[in-house]
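# What the coordinates show
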Amino acid sequence: IIQALQMLAEMSDGPAEAVDAFCQYYIKEMAAARFDRGCPLAPVTLEAAAQVDEIQAACASGFERMTEVFANLIQAHGVPRKRARPLAVFAISAIEGALILCRARRSTRPLQDVRREVTSSLVAALKEGESQ
């Protein structure tokens, strides 16, 4: 997941495009797998991280690495680090939550909604960064 995310970040014109591509990847994956696939970190985190310290540390590290990929990309496009990091946390949190909702509803609609809202927030943050 981290490698795919890094590749999307490198291939994208910016953070909004990277989020869009990441969401589109999961929309296709979930529909193709009949909602049996998603990010592997979320289920492991929900089921085992509270009981096993090593699993908790691995899950935390995975989510941190995902966050850093987005934060670095957002920052590279002119948003200050103090704003880029919370935006990255927002993006990852929204996408992960949407993946859970997609599985529960057997619909990609939650991820489509999140894709639109997160990319909109990123575009606004980039414009805000340009005007500073």
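Residues numbered from 1 in each chain as written. Predicted model: local features only at pLDDT ≥ 70, side-chain atom pairs only at ≥ 80, totals over all residues. Heavy atoms only, no water.

Once that is clear, we can look at the side chain of T108. Here T108 is to be found in the loop between α5 (81-105) and α6 (109-130). At a separation of 2.7 Å, a polar atom in the side chain of T108 contacts the side chain of Q112. Residues contacting T108, with those up to four places away along its chain left out, are I27, F35 and C102. (Helix = DSSP H or I, 4+ residues; strand = E, 2+ residues; numbered from the N terminus. Polar contact = N/O pair within 3.5 Å; in protein donor to acceptor, adjacent residues only side chain to side chain. Contact = heavy atoms within 4.5 Å.)

Attention now moves to helix α1 (residues 2-11). Since the α-helix advances by 3.6 residues per turn, residues separated by three or four positions end up pointing in the same direction. Burial in α1 covers these residues: I2, L5, L8 and A9. Angular distribution of buried residues about the axis of α1 spans 125°; they occupy a single face of the element. Residues Q3, E10 and M11 are exposed on α1 and point more than 90 degrees away from its buried face. (Buried < 20%, exposed > 50% of the residue type's maximum accessible area, 1.4 Å probe, protein only. Arc of directions from axis to C-beta.)

Formed by 38 residues in total, the largest nonpolar core has its most connected members in V19, F22, F70, I95 and L111. Among the elements that make up this core, the one with the highest residue count is α5 (10 residues). Apart from residues no more than four positions distant in its own chain, L111 is found in contact with C23, Y26, I27, I95, A98, L99 and C102. (Core = buried A, V, L, I, M, F, W, Y, C linked by side-chain atoms within 4.5 Å.)

Glancing now at the state of the cysteines. This structure, assessed with the given rule, holds zero disulfides. For C102, which is in no disulfide, the shortest distance to another cysteine sulfur is to C23 and amounts to 9.1 Å. (Disulfide = S-S within 2.5 Å.)

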